[in-house]
Amino acid sequence: RALHLLKKKVKEKDAELAELADLRLQAKKAAEAQAALVLDLEASKITASKSREEHKEERARHRAALSKLSKAIASNDALKEQLAERDGALKQHEATLAALR
């Protein structure tokens, strides 16, 4: 009878140990999954940081291009004014020449 009770206790302890081992395995897998998620999060932060830097660089390039464009427009407007002045002066000279003929 005592042997039977002892065997029963051993079976219960074996079951508890098996359950504990299973829980440890689950905890280990959960920790590994958590570590993988942390690594993914860090990688996405790095990617987002790079994206922000690339976006900043692209905006800087666009600002530079817009600046060049506005300077070119201003230069073009100045050239148009000069052309209009010279055109007016040429017409005056043509009128003077026509009057002298």
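Please refer to the structure placed before this passage.
Residues numbered from 1 in each chain as written. Predicted model: local features only at pLDDT ≥ 70, side-chain atom pairs only at ≥ 80, totals over all residues. Heavy atoms only, no water.

Chemist: What am I meant to see in the overall build of the protein here?
Modeler: On a plain count of helices and strands, the protein comes out with one helix and zero strands. Each principal axis of the C-alpha atoms in the protein carries an extent, and together these give about 145 × 15 × 10 Å. Of all 101 residues assigned to the protein, the portion counted as buried reaches 0%. The averaged location of the 17 negative side-chain charges in the protein is 7 Å from the averaged location of its 22 positive side-chain charges. (Helix = DSSP H or I, 4+ residues; strand = E, 2+ residues; numbered from the N terminus. Buried < 20%, exposed > 50% of the residue type's maximum accessible area, 1.4 Å probe, protein only. Lys, Arg positive; Asp, Glu negative; His and termini not counted. Charge placed at Lys NZ, Arg CZ, Asp CG, Glu CD.)

Chemist: What am I meant to see in the pattern of salt bridges here?
Modeler: Oppositely charged side chains can pair when the atoms bearing their charge come close. Tallied over the entire structure, the rule returns four salt bridges. With a shortest N-O distance of 3.8 Å, Glu16 and Lys13 are connected by a salt bridge. With Glu16 and Lys13 both in helix 1 (residues 2–100) and three residues apart, this pair spans about one turn of that helix. As a salt-bridge pair, Lys56 and Glu53 come within 3.9 Å of each other at their nearest N and O atoms. (Salt bridge = Lys/Arg side-chain N within 4 Å of Asp/Glu carboxyl O.)

Chemist: What is the right way to read the environment of Ala18 from this model?
Modeler: Among the secondary structure elements, Ala18 is positioned in helix 1. Residue class for Ala18 comes out partly exposed when judged on its relative accessible area of 45%. Separated by 78 residues in the primary sequence, Ala18 and Thr96 have C-alpha atoms spaced 115 Å apart.

Chemist: Whenever I open this one, a nonpolar patch on the surface confuses me. Can you help?
Modeler: Taken together, the side chains of Leu3, Leu6 and Val10 make up a nonpolar region of the molecular surface, amounting to roughly 290 Å² of accessible area. Structurally, Val10 can be placed in helix 1. (Patch = residues over 30% accessible without salt bridge, like charges linked within 9 Å, V, L, I, M, F, W, Y side chains within 5 Å. Areas by Shrake-Rupley, 256 points an atom, 1.4 Å probe, with all protein chains shown as cover.)

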